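Inside the fold
Listed below are the residues making up each chain.
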Amino acid sequence: MTDWDLIIEYIHNAMQAVDDAHDASHGLRENATPETFDAFRMKMAELTDHLTKLQTVLNNEEAFAIDELVDWISKAYTGKPSDYRRTPRMEKE
């Protein structure tokens, strides 16, 4: 899986986390209990995590693009991705 595929997955996961946090906020509004508040905080923490990953990519999009290109070239010549990267290699969650 390429970094681009993972970026798309990060976007999809963030969008799902927005929906989940929105649902949890409705549960909190309708029934404010410690359990619904904890559920809301958990969903907001997940959303923050997903958005932080996306922000990291957006802040370094040129470096990610160059690293991806270098990986493709390295795979064409050596059969494996480049050992050196300016950005951390993205991993599937």
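Note on numbering: residues in each chain are counted from 1, in written sequence order. Local features in a predicted model are, by the rule used here, given only for residues with pLDDT of at least 70; side-chain atom pairs are given and counted only at 80 or more, and totals for whole chains, interfaces and linings are based on all residues. Each side-chain value is worked out from all heavy atoms of the structure, with water and hydrogens disregarded.

**Comments concerning a nonpolar patch on the surface**
Together, Trp4, Leu69, Trp72, Ile73 and Tyr77 line one region of the surface with nonpolar side chains, adding up to about 590 Å² of accessible area. Here the element with the most residues in the nonpolar patch is helix α3 (residues 61-78); it accounts for four residues. Helix numbers and strand numbers start at the N terminus; a helix is a DSSP run of H or I with at least 4 residues, a strand a run of E with at least 2. Tracing the chain through its elements places Trp4 in helix α1 (residues 3-30). The patch calculation keeps residues exceeding 30% relative accessible area without a salt bridge and links them within 9 Å when they carry like charges or within 5 Å when they are nonpolar (Val, Leu, Ile, Met, Phe, Trp, Tyr). What sets the accessible areas is the Shrake-Rupley method with a 1.4 Å probe; for residues, cover comes only from the shown protein chains. Salt bridges are identified by distance alone: a Lys or Arg side-chain nitrogen within 4 Å of an Asp or Glu carboxyl oxygen.

**Topic: the confidence of the model for the protein**
pLDDT: the predictor's confidence for each residue, scored from 0 to 100. Chain-level statistics for the protein give a pLDDT mean of 85 and a share of 92% at 70 or above. Ranking the elements of the protein by mean pLDDT puts α3 last, at 85, and helix α2 (residues 34-59) first, at 90.

**Considerations on the pattern of salt bridges**
Applying the stated criterion to the full structure yields three salt bridges. The closest approach of N and O atoms between Lys53 and Asp49, which form a salt bridge, is 3.9 Å. Of the two residues, Lys53 and Asp49 are both situated in helix α2; the distance of four residues between them amounts to about one turn of the helix. A simple rule labels every residue: compare its accessible area, found with a 1.4 Å probe on the protein chains alone, to the largest value its type can have, and call it buried under 20%, exposed over 50%, or partly exposed in between. We classify Lys53 as partly exposed; its relative accessible area is 22%. The partner of Asp83 in a salt bridge is Lys80, with the nearest N and O atoms 3.5 Å apart. According to the relative accessible area criterion, Asp83 is exposed, its value standing at 70%.

**Some details on α3**
A helix is expected to span 1.5 Å for every residue after the first. Relative to the 26 Å expected for 18 residues at 1.5 Å per residue, α3 spans 25 Å between its end C-alpha atoms, a close match to the ideal helical length. Taken together, the buried positions of α3 are occupied by Ala63, Phe64, Asp67, Glu68, Asp71 and Ser74. With its buried residues spanning 135° around the axis, α3 presents them on a single face. Facing away from the buried side of α3 by over 90 degrees, the exposed positions are Glu62, Ala76 and Tyr77. With its phi angle positive at about 85°, Gly79 sits one or two positions after the end of α3. Taking the helix axis as origin, the arc is that swept by the directions to the C-beta atoms.

**Points about the environment of Ala14**
Within the secondary structure, Ala14 is located in helix α1. Along the backbone, Ala14 and Leu54 are 40 residues apart, and their C-alpha atoms lie at a distance of 8.2 Å. With residues up to four places along the chain from it excluded, the contact list for Ala14 reads Leu47, His50, Leu51 and Leu54. Contact criterion: two residues are considered in contact whenever any of their non-hydrogen atoms come within 4.5 Å of each other.

**Things to note about the environment of Ala63**
Along the chain, Ala63 turns up in helix α3. Considering only alpha carbons, one finds Ala63 and Arg89, 26 residues apart in sequence, at a separation of 11 Å. Ignoring sequence-local partners within four residues, the contact set of Ala63 consists of Arg86 and Thr87.

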